[in-house]
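Coordinates in review
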Amino acid sequence: MPNWNNVVLSVRNLSVSYLARRGRVQAVSSVSFDLHEGETLAFIGESGCGKSTLNLALIRTLPSTGRIDAGEIRYTTRDGRSVDVVRLSDRDLRRRFLWSECSMVFQGALNALNPVIRVSDMVYETAAAHSMGRREAERAAFEMFEKVRLDGNRVFRSYPHELSGGMRQRVLLALALMLRPQVVIMDEPTTAVDILTQRSILDSLKTLRAELNFSAIFISHDLAVAAEIADRIATMYAGEVVEIGPVDELFYRPRHAYTLSLLDAAPRLSAGAETLDSIPGSPPDLIAPPPGCKFHERCRFVTEQCRTELPPLEAAPDGSGHRAACWETDQVLAAQRKHVAS
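Quick look at the structure, then. As the structure is a computational prediction, the values presented were derived from the model and not from experiment.

Considering unusual backbone geometry
- A positive phi is found at Arg149, a non-glycine position, where the angle reads about 65°.
- With respect to the secondary-structure elements, Arg149 resides in the loop between α5 (134–147) and α6 (152–155).
- The exposure class assigned to Arg149 is exposed, which follows from its relative accessible area of 51%.
- A positive phi angle is found at Glu188, which is not glycine, with a value near 50°.
- On the secondary structure map, Glu188 appears in the loop between β7 (183–187) and α8 (195–212).

Now the structure itself:
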């Protein structure tokens with residue numbers, strides 16, 4: 001269970017951009033959130049909304065065209081020290097933070113793993129970067145292989161192409177957990193696997209989180225997976241967090257029109273044959289975004305205020321910790337109640 005009194009990662013007003021031929025793309029804009037001890041926070045939204053960029057920024061592994069323009073990423077170590085990740089030197093980032101304090105399971109294991117070296121070499125490289133001996137690294141790796149249900153003797157000397165998709169994904173998870181980090185970022189870890197392997201990986205994640213007590217950031221397009229694995233969910237649109245709150249609150253009482261549109265576009269097993277509601281239009285141009293709420297051009301509840309004024313991320317009056325950046329929360333809640341009743 002999460003410890004809501006302890007914040008392990010605090011992000012404040014983080015903005016990230018990419019250099020493009022037409023100018024700078026504002027991929028993440030003034031994002032703020034807290035991650036608590038033992039919590040899983042899921043980020044949902046369409047492709048291109050800034051989820052992966054946000055999380056690459058958290059471990060400062062943006063591509064060469066990307067940069068952190070503003071904001072603070074403050075991490076609290078197990079011994080109570082506060083570390084500003086943005087200001088860490090490259091050496092300290094590599095030796096004192098990445099993988100030992102915060103690690104990442106990248107999307108697409110075949111692309112994330114080096115195809116020309118064995119899994120054992122990846123283990124040794126990780127160990128060498130953190131002054132860990134080879135024998136100690138082998139013990140840590142084999143222990144984690146067992147926890148993710150892999151045969152260590154087979155996997156350790158294998159090349160990535162010799163493993164199945166599910167096995168490669170588990171290798172990534174084991175490598176990410178090998179140094180027992182306090183925070184693990186997972187970017188679509190079940191996207192490229194079949195439904196049975198997905199179920200097995202999700203079960204492993206839940207077991208590992210309970211056993212190792214790490215906090216997790218989980219990126220997903222699959223709302224059902226996010227609902228199952230997360231304690232809280234954040235909706236991102238056009239580089240902004242437009243809604244964040246407990247899973248039940250966000251799924252059954254959404255307060256932002258974009259979250260409601262995502263839910264309406266997702267199939268429900270209990271509904272039988274149904275017509276899914278697609279979201280009209282496309283996300284805005286992030287080189288020259290529209291004024292006001294960035295979702296207003298696609299929103300069914302749009303008003304003149306939505307077109308001209310940017311809504312703040314405000315807390316719901318019920319004290320649930322549910323926050324949304326929408327001028328028309330009453331209409332959104334009414335539409336959701338009508339939808340559920342029908």
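Here we look at the packing of aromatic side chains
- Evaluation of the coordinates by the stated rule reveals 8 aromatic pairs.
- Geometrically, the ring pair formed by Phe142 and Phe156 is tilted, given 5.1 Å between the ring centres and 50° between the ring planes. Remark: Phe156 occurs in the loop between α6 and α7 (165–177) and Phe142 occurs in helix α5; sequence separation between them is 14 residues.
- What makes Phe156 buried here is its relative accessible area of 4%.
- Taken together, the ring pairs in this structure connect Tyr124, Phe142, Phe145 and Phe156 into an aromatic cluster.

Focus on the sheet that holds strand β9 (residues 232–237)
- The mixed open sheet is built from 8 strands, whose spatial order is β6-β7-β8-β3-β9-β10-β12-β11. Two strands in the sheet have a free side with no partner beyond their single neighbour: β6 (102–105) and β11 (314–315).
- Looking at chain direction, strand β3 (residues 40–44) and strand β8 (residues 215–219) are connected through 4 bridges and run parallel. By the bridge assignment, Ala42 is partnered in β8 with Phe218.
- Packed on one face of the sheet, α7 meets β6 and β7 and runs near 175° to β6.
- Along the sheet face, helix α11 (residues 257–265) touches β3, β9 and β10 (240–246) and points at about 100° away from the line of β9.

With respect to the pairing of β9
- Within β9, 6 of the 6 residues are buried, which leaves it mostly tucked inside the rest of the structure.
- What you see with β9 is no split at all: Arg232, Ala234 and Met236 on one side and Ile233, Thr235 and Tyr237 on the other are buried throughout.
- As judged from the 4 bridges shared by β3 and β9, these two strands associate in the parallel manner. For Phe43, the partnering residue across the bridge sits in β9 and is Ala234.
- When β9 meets β10, the two strands line up antiparallel, connected through 6 bridges. Among the inter-strand pairings, Met236 is bridged to a residue of β10, identified as Val241.
- Connecting the antiparallel pair β9 and β10 is a turn made up of 2 residues, with Ala238 showing a positive phi of about 50°.

A look at the pairing of strand β1 (residues 3–20)
- Where β1 and strand β2 (residues 23–37) come together, 11 bridges link them in antiparallel fashion. The residue of β2 that forms the bridge with Leu14 is Val31.
- Between β1 and the antiparallel strand that follows it, β2, lie 2 residues.
- Taken together, the 8 bridges between β1 and strand β4 (residues 66–76) define a ladder with antiparallel strand orientation. Residue Ser15 lies in a different strand from β4, and its bridge partner there is Ala70.

Remarks on the nonpolar core
- Counting residues in each nonpolar core, the largest one holds 107 residues, and the members touching the most others are Leu9, Phe33, Phe43, Leu58, Phe97, Met186 and Ile233.
- For this core, the leading source of residues is α7, giving 8 residues.
- Beyond its immediate sequence surroundings of up to four residues, Met186 is in contact with Val105, Leu173, Leu205, Phe214, Ala216, Ile217, Phe218 and Ile219.

Cut-offs applied
- Residues numbered from 1 in each chain as written.
- Predicted model: local features only at pLDDT ≥ 70, side-chain atom pairs only at ≥ 80, totals over all residues.
- Heavy atoms only, no water.
- Helix = DSSP H or I, 4+ residues; strand = E, 2+ residues; numbered from the N terminus.
- Buried < 20%, exposed > 50% of the residue type's maximum accessible area, 1.4 Å probe, protein only.
- Phe/Tyr/Trp six-rings, centres within 6.5 Å; stacked < 30°, edge-to-face > 60°.
- Pairing = 2+ DSSP bridges.
- Contact = heavy atoms within 4.5 Å.
- Axes fitted to C-alpha atoms, helices over the stretch in contact; angles between N-to-C directions.
- Core = buried A, V, L, I, M, F, W, Y, C linked by side-chain atoms within 4.5 Å.

Purely spatial values, then, with no claim about function.
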